[in-house]
Amino acid sequence: MKIINVATSSTLPKYKQIVFSIEAAISDNRLKKNDKLPSVNKVSLEFSISRDTVLQAYDELKKRGIIYAILGKGYYVKSVEFSFEQRIFLLFDELNIFKEDIYNSFLEKMNNMAQVDIFFHHFNIEMVKKLINESNGDYSKYIIMPTNLVGVADLIKTLPKQDVYILDQTNSELMEYPSIHQNFVKDMYEALLEGKALLHKYKKLILIFPGFREPLGMKIGFEKFCLDFSFPNEIITDFNGREIQNGEVYIIPDDRDLVRVVEQGKLQKLKLGTDFGIISYNETPLKKVVENGITTISTDFNEMGTLLAEMILQNKKIQIENKNKLIIRNSL
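A brief look at the structure comes next.

Analysis parameters
Residues numbered from 1 in each chain as written. Predicted model: local features only at pLDDT ≥ 70, side-chain atom pairs only at ≥ 80, totals over all residues. Heavy atoms only, no water. Pairing = 2+ DSSP bridges. Helix = DSSP H or I, 4+ residues; strand = E, 2+ residues; numbered from the N terminus. Axes fitted to C-alpha atoms, helices over the stretch in contact; angles between N-to-C directions. Contact = heavy atoms within 4.5 Å. Core = buried A, V, L, I, M, F, W, Y, C linked by side-chain atoms within 4.5 Å. Buried < 20%, exposed > 50% of the residue type's maximum accessible area, 1.4 Å probe, protein only. Polar contact = N/O pair within 3.5 Å; in protein donor to acceptor, adjacent residues only side chain to side chain. Parallel < 35°, antiparallel > 145°, perpendicular 65-115°, else oblique. Left-handed = near helix turned anticlockwise from the far one by under 90°. Nonpolar A, V, L, I, M, F, W, Y, C, P; charged D, E, K, R; others polar. Phe/Tyr/Trp six-rings, centres within 6.5 Å; stacked < 30°, edge-to-face > 60°. Lys NZ or Arg CZ within 6 Å of the ring centre and 35° of its normal.

**Thoughts on the sheet that holds strand 5 (residues 141-144)**
Read across the sheet, six strands follow the order 4-3-5-6-7-13 without closing on themselves; strand pairing throughout is parallel. Only two strands of the sheet have a single partner each, and these edge strands are strand 4 (114-120) and strand 13 (319-321). Between one strand axis and the next, the sheet turns through 15° on average, direction left out of account. Along the sheet face, helix 4 (residues 97-110) touches strand 3 (86-92), strand 4, strand 5 and strand 6 (164-168) and points at about 170° away from the line of strand 3.

**What to know about the nonpolar core**
Residues Ile4, Ile18, Ile22, Leu31, Leu37, Val43 and Tyr58 are the most contacted members of the largest nonpolar core, which totals 23 residues. With six residues, the single largest contributor to this core is helix 1 (residues 14-27). Leave out the neighbours within four places in its chain, and Leu37 touches Ile22, Leu31, Tyr58, Ile67, Tyr75 and Val77. Formed by 22 residues, the second largest nonpolar core is a distinct cluster that contains Met188, Tyr189, Val249 and Ile251.

**Structural notes on the sheet that holds strand 8 (residues 204-208)**
An order of 9-8-10-11-12-14 is seen for the six strands of this open sheet, with the pairing classed as mixed. Here the strands that pair on one side only, and so sit at the sheet edges, are strand 9 (233-236) and strand 14 (324-327). Strand-to-strand twist of the sheet, defined as the mean angle between neighbouring strand axes without regard to direction, takes the value 15°. Taken together, the four bridges between strand 10 (residues 248-252) and strand 11 (residues 277-281) define a ladder with parallel strand orientation. Each residue of the ladder has a partner; that of Ile252, found in strand 11, is Ser280.

**Things to note about the environment of Val43**
Positionally, Val43 belongs in helix 2 (residues 40-47). Spatially, the C-alpha atoms of Val43 and Asn5 are 9.5 Å apart, while their sequence positions differ by 38 residues. If sequence neighbours within four positions are ignored, Val43 has contacts with Ile4, Ile18, Pro38, Ile49, Val54 and Tyr58.

**Comments concerning the side chain of Asp93**
Positionally, Asp93 belongs in the loop between strand 3 and helix 4. Looking at Asp93, the relative accessible area reads 4%, which means it is buried. Engagement of the side chain of Asp93 in a polar contact is seen with the side chain of Lys99, the distance being 2.6 Å.

**Quick notes on the packing of helix 2 against helix 3 (residues 51-63)**
One way to put it is that helix 2 packs onto helix 3 with a least axis distance of 9 Å and a crossing angle of 125°. Taken together, the axes of helix 2 and helix 3 are oblique relative to one another. Of the two possible hands of crossing, helix 2 and helix 3 adopt the one that is right-handed. Counting all contacts with helix 2, which are made through Val40, Asn41, Val43 and Ser44, the residues of helix 3 involved are Arg51, Val54, Leu55 and Tyr58. In terms of residue class, the contact of helix 2 with helix 3 is built from five nonpolar, two polar and one charged.

**Examining the environment of Pro210**
Here Pro210 shows up in the loop between strand 8 and helix 9 (216-228). Expressed as a C-alpha distance, the spacing of Pro210 and Phe231, which sit 21 residues apart in the sequence, is 21 Å. Dropping the residues within four chain positions of it, Pro210 is found in contact with Ile236, Thr237 and Asp257.

**Let's talk about the packing of aromatic side chains**
All chains considered together, the criterion is met by 14 aromatic pairs. Each ring, one from Phe225 and one from Phe231, has its centre 5.2 Å from the other, and the planes form 25°; the classification is stacked. Grouped by ring-pair contacts, the aromatic residues Phe89, Phe119, Tyr139 and Tyr142 constitute a single cluster. The side chain of Arg87 reaches across the aromatic face of Tyr139, ending 4.5 Å from its centre.

Honestly, it's all geometry; don't read function into it.
Next comes the structure, spelled out in structure tokens:
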């Protein structure tokens, strides 16, 4: 069980990394009262740092009453009752109303028990690489929203494994990490199954799936449902320039496409919920009132943030599929 981590790439001074590592180990119950710490020589040799650097870290911990020394024997944990402020690295893909809900509910549940630094990678793998490399060793917890970026799992694996949590999307490469996530295959399939009686009013199901930011599981769940229940279907990457045909239902992950489909329906003087249908992904307050209500498939983003905070505060290492539901409104 590794107690101390010192990253040469970190901008945090090495003695502070040692202090921080020991505080984190005590907070996570990896070190208990009267447990012996690694010797000064051992830490110095392992990380190729001077003995003075290690002694500086241990002296700071002694002054704060966290450890004590026995002459000729070494250093031991004196107290596990201290104020340890966690520093949390939170990496989102982008800022939108859904991520804002996660963030706000996470902060509320954390109740000022940690310093939370938020970053955005904007679906850019080079940005993920830069942010992870620069933050490695500086934080007690790393919360990563990996989306479907190729190569992101290898970057995440450079971080201390015991400190990483996965948010919103996970995959087979990240199954060793605790997570709070959506199961997009199951969620799409079960939502369409719940609305199957209404969908039978229509002639064709169309998924608008650009495929860059959208989770692949949405497409897989859609295809499986259409195959299992023999629904005529189509998957398109772009709605621009398309006319709506009577009897089509559009499943729309991106709100920009939602606006385009609603506008096109108005232009063709089609009645939403009768001539054509819409199912939008992700609930927002506006969708309750637009066009007398837009049907949505959505997880509870506030709950996602709350559960994430509980996992951090209780040091839980579990995987949770966040609940998802179909909210039926006028557009279907």
